Every structure is written in C-alpha cells, then in structure tokens.
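# Structural overview for review
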Amino acid sequence: MTRKLSPLERTLINRLQDDLPLVPHPFQELAQELGLSEEELAGHIRTLRDDGLLTRFGPFFDAEALGGAFCLCAIAVPPERFEDVLTKVNAYPEVAHNYERDHKLNMWFVLATESQAAISATAEAIERDTGLPVLLFPKEREFFIGFRVNA
Amino acid sequence: MTLTPQDRTIIEATQAGLPLVTRPFAVVAESLGLSEAELIDRLKQLKAQGVIRRIGAAPNHYRLGMTANGMTVWDVDDAVVDSLGEKVGALPFVTHCYRRPRALPDWPYNLFAMVHGETREEVIAKRAEISSLLGKACRAGDILFSTRILKKTGMRLRGKEG
C-alpha cells in the first residue's frame, strides 16, 4: 500500500497542506523556495496524486456553505443482521460515507442532503427500511483544526 | 449564503481538483469562458465568504501509513465544552472536532474528536493526551475505532440534479 517517499515528496506533502495563493502562478513561490521550476513542481504534485498519496489538489469547500445539509448518524445493528442492514443503508444516495466501528453503535454514516428537512425524512425512511432506530448527531459547533499530516 | 449560478459553475469545475499545470486558473477559466483574472477574483470572494477554506492538497492518510483512526468521544460539562473543544481541536493530531447533542441514555457524549495514527497504540496514547487536557470537566469518554470503510463517496455539489 505505502511506498517509500523521497525527501522532496515529504516536503511537498507537508507544504501543500498550506494555503496556496490565489494568483496566476500559484506554484511559483514554493517552486522557487525548493529550487524547482513551476513545471517540475506541478509534475511532482501530479505524480503524488496519480500514486494516490494525495487524494486531490484544489479548493477545499465548506460543505455547508455550498447549501447542503449534513448529519452524522449511527445505528446499533445486531451483528447477525449487519450485511443486510448495510445493503439497505448504502442503497441511499444520501449516505455519503459509512464506517463500521467497534461499539454497540457499530454503523456510523453521514447523510448529505439538499435541505435539513430531507435529513429527517431520510433518517425516518432508513428506520422504516431496517426496523432499527437511527440516532442523529448533527454538528452543533465545529472547532478550529490545526491538524496536518506529517509525512 | 447565496451562491450565484456562476459560483456554482466554478465550484462544479473545481471540486474534483485543479489541473496540475503552472497556470491552473487559466485552464479552468478558459473552460468556463472567463478570463483568468475574473476567475481568480471570484475565487477570492468565495474565500472571503468562507465558501472556500483553502487551496491545497488533501493527503491520503491511509496511503501515508496512518491506517488507525479512532473517534474519541467525551461527556464534557456543558458550561465548558466550547472552550475545551477549542483546545482539543487545536491539538496537532486531531483531524475533526465537533460538539454534538447527546442521545441519552445510550450516548452521554457531546464532544467528538477524530484522531489518526499509524497504529492503534499511537491513537490510544493521543487519546490519553486529550483526556488529561479535559481534566475534571470530563465525566466519561470512549473510543470507537473504525474497523471497515463501508462506503465512501465524495461530497459533491448536486446543483444540476436539484
């Protein structure tokens, strides 16, 4: 899965998590600092993306500012019904991602819909489909994140 | 917040990523029938409005060896959960930090902090740091490791369908 990163690639992964300037040549400053041409720098980023070490490069949008509604949800699925319930839940296009976790509440997914009303409607539909209660954990407040991956 | 039809076009054209060339905005602008300067101005406005958080790379945690991820959850005194949430979010290993409603009696936790690491042991050690930061304001906590990704799709703007 993981491949060995060159020192330059490590530097790039770390630095590219910073905000790049909105200017015609966004890579110019970083390229100069690293002693590369802009074309070389863009090429290295392409390689990192094509090798799957970066999932994407571009603007990060605030999902809610885009006008959608989102809600973290959880279900306590009886283990023997897990695959059946999973098929039903994942069939909803509103389920954006879904993780199995090691807890009585063992299925955690995010609903992404156009409106807040559609969140409740989708959660109720999943309850009817599965016969299981869906707990809703809407975001009440988001705290600023200082996180960076240190490659 | 209202987005103009042009904003939506710009978002749809860039949400999968920018072309990795020396002048990415010029390439996107041309495909949209805008000038490079017009596109950059509009992107600057979207950033000022908070619609764009930053321009940069999203590292793939898993491919970089950070395969353990634990959702740490905490029952924190309501009077101090926001000030402590700010501190937890600022920890360098916390990737998301939210206050959410409790679901009593099953779920007493109101603060969620996602922690990534190379091993479960590393995530558990980081969780202990959060625990000591929260101190006595925290009544209980738990950690839920993800054991399987069941579905993962990009969250995309669905303006065209809606």
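Here the structure is a predicted model, which means the values were calculated and not measured.

Thresholds applied
Residues numbered from 1 in each chain as written. Chains lettered and ligands numbered in written order. Predicted model: local features only at pLDDT ≥ 70, side-chain atom pairs only at ≥ 80, totals over all residues. Heavy atoms only, no water. Axes fitted to C-alpha atoms, helices over the stretch in contact; angles between N-to-C directions. Helix = DSSP H or I, 4+ residues; strand = E, 2+ residues; numbered from the N terminus. Parallel < 35°, antiparallel > 145°, perpendicular 65-115°, else oblique. Left-handed = near helix turned anticlockwise from the far one by under 90°. Contact = heavy atoms within 4.5 Å. Nonpolar A, V, L, I, M, F, W, Y, C, P; charged D, E, K, R; others polar. Disulfide = S-S within 2.5 Å. Buried < 20%, exposed > 50% of the residue type's maximum accessible area, 1.4 Å probe, protein only. Buried area = accessible area lost by both parts, 1.4 Å probe. Salt bridge = Lys/Arg side-chain N within 4 Å of Asp/Glu carboxyl O. Polar contact = N/O pair within 3.5 Å; in protein donor to acceptor, adjacent residues only side chain to side chain. Pairing = 2+ DSSP bridges. Core = buried A, V, L, I, M, F, W, Y, C linked by side-chain atoms within 4.5 Å.

## Focus: the packing of helix α4 (residues 81-89) of chain B against helix α5 (residues 120-134) of chain B
All names here are of chain B. At a minimum axis separation of 10 Å, α4 and α5 run at an interaxial angle of 150 degrees. By the criterion of interaxial angle, the relationship of α4 to α5 is roughly antiparallel. For the pair α4 and α5, the crossing hand works out as right-handed. Contact residues: L84, K87 and V88 in α4; I130, L133 and L134 in α5. When grouped by side-chain class, the residues that make up the contact of α4 with α5 number five nonpolar, no polar and one charged.

## Description of the state of the cysteines
Residues and elements named next belong to chain A. Counted by the stated rule, this structure contains zero disulfides over all chains. This cysteine, C71, is not joined by any disulfide, and C73 carries the nearest cysteine sulfur, 4.4 Å off. The class of C71 is buried, set by a relative accessible area of 3%. Judged by its relative accessible area of 0%, C73 is buried.

## Things to note about the interface of chain A and chain B
Contacts between the two partners involve 75 residues from chain A and, on the opposite side, 76 residues from chain B. Taking both partners together, chain A and chain B bury about 7,300 Å²; carbon and sulfur atoms supply 59% of that area. On the chain A side of the contact with chain B, L22, F60 and F143 of chain A bury the most area, a combined 12% of that side's loss. Inspection of the chain A/chain B interface yields nine salt bridges. Between E142 of chain A and R53 of chain B there is a salt bridge whose closest N-O contact spans 3.3 Å. Between the two partners, chain A and chain B, sit 38 residue pairs in polar contact (both at pLDDT 80 or more). Per-element accounting of the side of chain A that touches chain B gives the leading share, eight residues, to strand β1 (residues 54-61) of chain A. Split by residue class, the side of chain A that touches chain B holds 44 nonpolar, twelve polar and 19 charged.

## Some thoughts on the pairing of strand β2 (residues 69-75) of chain A
Residues and elements named next belong to chain A. Of all seven residues in β2, seven are buried, a share of seventy percent or more. Here β2 shows two buried faces, one formed by A69, C71, C73 and I75 and the other by F70, L72 and A74. The pairing of β2 with strand β4 (residues 107-113) spans seven bridges and is classified as antiparallel. Opposite I75, over in β4, you have M107 as the bridge partner. The pairing of β2 with strand β5 (residues 135-137) spans three bridges and is antiparallel. Across the sheet, residue C73 finds its bridge partner in β5, namely L136.

## Re the packing of helix α4 (residues 82-90) of chain A against helix α5 (residues 116-130) of chain A
Think of two packed helices as two axes; the pair is described by the angle between the axes and how far apart they sit. Residue and element names in this part refer to chain A. Axis separation between α4 and α5 bottoms out at 10 Å; the angle between their running directions is 145 degrees. The two elements α4 and α5 cross, and the hand of that crossing is right-handed. Contact residues: α4 offers V85, K88 and V89, while α5 offers I126, D129 and T130. Grouping the amino acids of the contact of α4 with α5 by side-chain chemistry returns three nonpolar, one polar and two charged.

## Considering the nonpolar core
Within the largest apolar cluster, 38 residues are counted, with the highest numbers of intra-cluster contacts made by L16, F27, L41, I45 and F57 of chain A together with L39 and V51 of chain B. For this core, the elements supplying multiple residues, two or more each, are α1 (7-15), α2 (28-34), α3 (38-50) and β1 of chain A together with α1 (5-14), α2 (24-32), α3 (36-48) and β1 (52-59) of chain B. In this structure, L16 of chain A is in contact with L30, I45, L54 and F57 of chain A together with R54, G56 and A57 of chain B, ignoring residues within four places of it in sequence.

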